Amino acid sequence: ILTLEETGMRFQDVEALDLWEKAGAKVDHQSQHVWIDRGLLMGLVEKAPSSFWFRARNPERSRFIGENSINFFQNAGMVFVRDLKGGRRPGTRDDYLTLAKMAQMTNVIHIAPLQAVVMHDVPVHEKHLQNYLIGALYSDKPLQAVSHGRVIVGDAIEMAKIIHGEDLRPEEGPVVGGVINVNSPLVYDDRMLGGMMTFAKHGQYTVVTPFILAGAMSPVTMVAAIAQQNAEALAGIALLQLVREGSPVVYGGFTTNVDMKSGSPAFGTPEGAWAFLMGMQLARRYGLPYRGSGALTTANVPDAQAAAESLWSLWPCILGHANLVFHSVGWLESGLTASLEKFVMDVENLAMMQHFLAGPEFSDNAFALGSIAEVGPAGHHFGTAHTQARFETAFYPPFLHDRRNLGQWQEEGSEDAVMRAHKIWKEVVRA
């Protein structure tokens, strides 16, 4: 907050500058610089709702955003696609359709795709329309949209009206939303501002997300990076309340560190885990929903590094109950590539985490003291009535992970996890 009072932020949009000036902030129109008093800032942030429903065209698919709810998104914004047979290639509309079908058929993915991969075979001026159209045609889950400016968001609003009716009924919850990235350090550019203000005017939601790489876009220490993230996020959240009081908004966190050998982003790091957890605590302090990011990795292929780094990103989001978890599946190459096999591998982890969060049963029947007495010392429980009644549902049943012994695995083809994942996504898309 001290940063916003003394250093200020740049807002590269005339409408935004006018809103700040009318609200009482100090504004320099020539440099597009705004200094925000903490009283003004916090008074606006308090107007943002602590939770909301993100409505789908199928009401049974609508999702609650806030409190301890966790909602998983698939990958978004990738340039390339990779799979075991086709290798790495620029994304196409067909690839987007494949990813959209996979997301719809995966129950643990709760929100429909937001530019799951760039469609290089679609004209630039049509990409955002195709993004939303494919989501509407192939999914009955809540729909995201691209947030790049007033025109693109305006088109998304008009398409949402076709699905939900001319009156989007924002008082019942948003039906479309998008991610706003701050141009860190301390700049909101005109496209992001145009997009976020257009969403807000129509009562739709935005995820205000500073993207900070500690050591490059902020000081090198993680506490400094989070302090800057907090300033940037609160400034955007406050602006949205100036546009429309009570505008639904999510405090976004996408802060990690750079690799000091190359200057490139480093994902799936302990420092990135710190950032997610600190960001979640700040969001709770302000009574706001929080966005984290899931299966992030710098790995180039879906290997052991990809699996380990992804869990270093996913677990902080799970333990902190991030309300929105973006990029939960399929992320490779620091976000350049969507891997169809890693999509499946990540879904296995999400399903296991969902099972974990449900917790064990603590009923009298679950304690099974009678069964313990029945078997007594040195027996086994395979044939007891208690085991027989529960054997199909007692434990999480993996669909990808392989529990065959070595001999059986070798006899049946010696397929590793990537090979098995390839078969699974092919089956899902055919279905």
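Before any of the text, the structure's been laid out above.
Quick caveat: nothing in here was measured; it's all calculated off a predicted structure. (Residues numbered from 1 in each chain as written. Predicted model: local features only at pLDDT ≥ 70, side-chain atom pairs only at ≥ 80, totals over all residues. Heavy atoms only, no water.)

Another aspect to go through is the packing of helix H7 (residues 190-201) against helix H8 (residues 222-243). At their nearest, the axes of H7 and H8 sit 9 Å apart, and the two run at 45° to each other. Looking at the two axes, H7 sits oblique to H8. Pair H7 / H8 crosses with right-handed handedness. Facing H7, whose interface residues are Leu193, Met196, Met197, Ala200 and Lys201, H8 presents Gly236, Leu239, Leu240 and Val243. For the contact of H7 with H8, the class distribution of residues is seven nonpolar, one polar and one charged. (Axes fitted to C-alpha atoms, helices over the stretch in contact; angles between N-to-C directions. Helix = DSSP H or I, 4+ residues; strand = E, 2+ residues; numbered from the N terminus. Parallel < 35°, antiparallel > 145°, perpendicular 65-115°, else oblique. Left-handed = near helix turned anticlockwise from the far one by under 90°. Contact = heavy atoms within 4.5 Å. Nonpolar A, V, L, I, M, F, W, Y, C, P; charged D, E, K, R; others polar.)

On to helix H10 (residues 304-319), then. For H10, which comprises 16 residues, the first-to-last C-alpha distance of 22 Å matches the rise-based estimate of 22 Å (1.5 Å per residue) to within 8%. Burial in H10 covers these residues: Ala306, Glu309, Ser310, Ser313, Leu314, Pro316, Cys317 and Ile318. On its buried face, H10 is in contact with strand S6 (71-72), helix H9 (270-285), strand S16 (290-293), strand S17 (324-326), strand S18 (331-332) and helix H11 (340-358). For H10, the N-terminal cap is aspartate 303; the gap from its side-chain oxygen to the backbone nitrogen of glutamine 305 is 3.2 Å. Once H10 ends, the next one or two residues include histidine 321, with phi positive near 55°. (Expected span 1.5 Å × (residues − 1). Buried < 20%, exposed > 50% of the residue type's maximum accessible area, 1.4 Å probe, protein only. Polar contact = N/O pair within 3.5 Å; in protein donor to acceptor, adjacent residues only side chain to side chain.)

Time to look at the sheet that holds strand S7 (residues 80-83). Read across the open sheet, the four strands follow the order S8-S7-S19-S18; overall the sheet is mixed. Of all strands in the sheet, those bounded by a partner on one side alone are strand S8 (87-90) and S18. Pairing analysis gives four bridges linking S7 to S8, with the strands arranged antiparallel. Note on S8: the bridge partner recorded for valine 81 is arginine 89. (Pairing = 2+ DSSP bridges.)

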